[in-house]
Amino acid sequence: MAMIPAMFSAKTLLRRLEGPQTLGRGPAFWTAFALAVAAAVAYPWFADGYTVGNTAYFFCWVFMALGLCLIWGYGGALSFGQTAFFGLSGYAYGVLTLNVGAAYGFTLAALVLAVALSAVMAALLGYFLFFGRIGGVFLGIITLSVTLALERFMAQTAGPEWKIGAARLNGYNGMSGMPPLTVPWPDGDVVLFPDVTLYYGLLGLLIVVYLALRILVNARFGNVLVAIRENPERAEMLGYDVRRYQLAAFVIGSALAGLSGTLYTAWGQYITPSSMGLTAAALPVIWVAVGGRGDLTATLIGTLVVLGGFQALTIYGSQYALVVMGLLLVVVVLAAPDGLVVAAMRGLGRLRRREAGR
């Protein structure tokens, strides 16, 4: 009898992988998903080490985009604070690992502690924002102000007095020399250098986070969050504590940004204040808007595509990269406000229905 609730819970979770708050359902979608995962798994067999490490770099940023999708796309609260929590978590990882080292898998503990710090700081900031009834454009202004204030503060920590134990903050030059993620293993520690090992680790983590978020947004929490986005007054009249749901989404999304910051720091073994600058704060908004802020799958695909395009523009025409990104955002807002990936997925759905009706 004890197995019945567990089976019911497992069936509920599987059912919530598909729902009204996410695009993609049925055998066709999950077959495509399985093929995409299989292709991602096989990818390192056909690519050189540099390309695989560069793809791992892209993966680091996707978690932050998924977090913003939850806060903005599902919760309706546009936040420019993702890079603040990204940088905060990255610096925390650096301070912890430079002081303690990588022995006994401490880098994994440092990752958890750094992400937890971002979640705690997001809870404090979010409490004053949402329980203070701050929303709309003012929420974006305040989160951007916090991000830029943190970036300015870290940029002026260049003197020798600015250190935490053995970790020098180094001002605008940033911190460097942090150890990569290290997994304890009986035959010797496995060091996740930015190549195949880190790629597979990030791929597995990304799949888990993506599926967990699908379950979350298709559960009661996600349904209420979307109701708040559409009409907060009506949701409050129905008895939901709007502020608590908004705060929860903000904390989860900011923790994912912190996860991106920690993974990025472990990937490159450095972190600088520029990762929290104005340009850095605006880029996640472009990734999410271009793909489609109202859907996790669209955000994931759109972020990877835009990241690849932005890097190519930076390499071959750096002076035009940000201009093109800005123009892309304007075009998407005017022509496809729900996002290019969402528009394409809906178009394919209509085409499939039309073919089935013949």
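Preceding block: the structure.
All values reported here derive from a predicted model rather than from experimental measurement. (Residues numbered from 1 in each chain as written. Predicted model: local features only at pLDDT ≥ 70, side-chain atom pairs only at ≥ 80, totals over all residues. Heavy atoms only, no water.)

**Some thoughts on the side chain of Arg 214**
Point 1. Here Arg 214 is to be found in helix 7 (residues 196-217).
Point 2. Despite its burial, Arg 214 pairs with no opposite charge, the nearest such side chain being Asp 295 at 5.4 Å.
Point 3. From its side chain, Arg 214 meets the backbone oxygen of Leu 17 in a polar contact 2.7 Å long.
Point 4. Beyond its immediate sequence surroundings of up to four residues, Arg 214 is in contact with Arg 16, Leu 17, Glu 18, Thr 22, Leu 23, Gly 24, Phe 29, Trp 30, Leu 296 and Thr 297. (Helix = DSSP H or I, 4+ residues; strand = E, 2+ residues; numbered from the N terminus. Buried < 20%, exposed > 50% of the residue type's maximum accessible area, 1.4 Å probe, protein only. Lys, Arg positive; Asp, Glu negative; His and termini not counted. Salt bridge = Lys/Arg side-chain N within 4 Å of Asp/Glu carboxyl O. Polar contact = N/O pair within 3.5 Å; in protein donor to acceptor, adjacent residues only side chain to side chain. Contact = heavy atoms within 4.5 Å.)

**Describing the nonpolar core**
Point 1. In this structure, Trp 61, Leu 66, Met 175, Phe 250, Leu 263, Trp 287 and Leu 296 are the most contacted members of the largest nonpolar core, which totals 92 residues.
Point 2. Sorting elements by how many residues they give to this core places helix 3 (residues 49-74) first, with 18 residues. (Core = buried A, V, L, I, M, F, W, Y, C linked by side-chain atoms within 4.5 Å.)

**Some details on the side chain of Ser 79**
Point 1. As for its position among the elements, Ser 79 is in the loop between helix 3 and helix 4 (82-100).
Point 2. Only 3.0 Å separates the side chain of Ser 79 from the backbone nitrogen of Gly 81, close enough to count as a polar contact.
Point 3. Filtering out sequence-adjacent residues up to four positions away, Ser 79 remains in contact with Leu 68, Ile 71, Leu 139, Thr 143 and Phe 250.

**Notes on the layout of surface pockets**
It is a probe the size of a water molecule, rolled over the atoms, that shows where empty space is left.
Point 1. Estimates place the volume of the largest pocket at around 920 Å³.
Point 2. Lining the largest pocket we find 27 residues, and of these Phe 29, Ala 32, Thr 297, Ile 301 and Met 345 sit closest to its centre.
Point 3. No other element matches helix 13 (residues 340-356), which puts eight residues into the lining of the largest pocket.
Point 4. Taken together, the residues of the lining of the largest pocket break down into 19 nonpolar, three polar and five charged. (1 Å grid on protein atoms, 1.4 Å probe; cavity = no way out; pocket = protein on both sides within 12 Å on 5 of 7 lines; lining within 4 Å. Points joined across faces, edges and corners; volume = space filled by probe spheres on them. Nonpolar A, V, L, I, M, F, W, Y, C, P; charged D, E, K, R; others polar.)

**Looking at the state of the cysteines**
Structurally, a disulfide amounts to a covalent bond that connects the sulfur atoms of two cysteines.
Point 1. What the rule picks out here adds up to zero disulfides.
Point 2. With no disulfide of its own, Cys 69 lies 19 Å from the sulfur of Cys 60, the closest cysteine sulfur. (Disulfide = S-S within 2.5 Å.)

**A few points about empty space enclosed by the protein**
Point 1. A full pass over the atoms with the stated rule returns one cavity of 30 Å³ or more.
Point 2. In this structure, the largest cavity spans a volume of roughly 40 Å³.
Point 3. For the lining of the largest cavity, the secondary structure elements donating two or more residues are helix 3 and helix 10 (242-268).
Point 4. Counting residues per element, the lining of the largest cavity draws most heavily on helix 10, at three residues.
Point 5. When its residues are assigned to classes, the lining of the largest cavity shows seven nonpolar, two polar and no charged.

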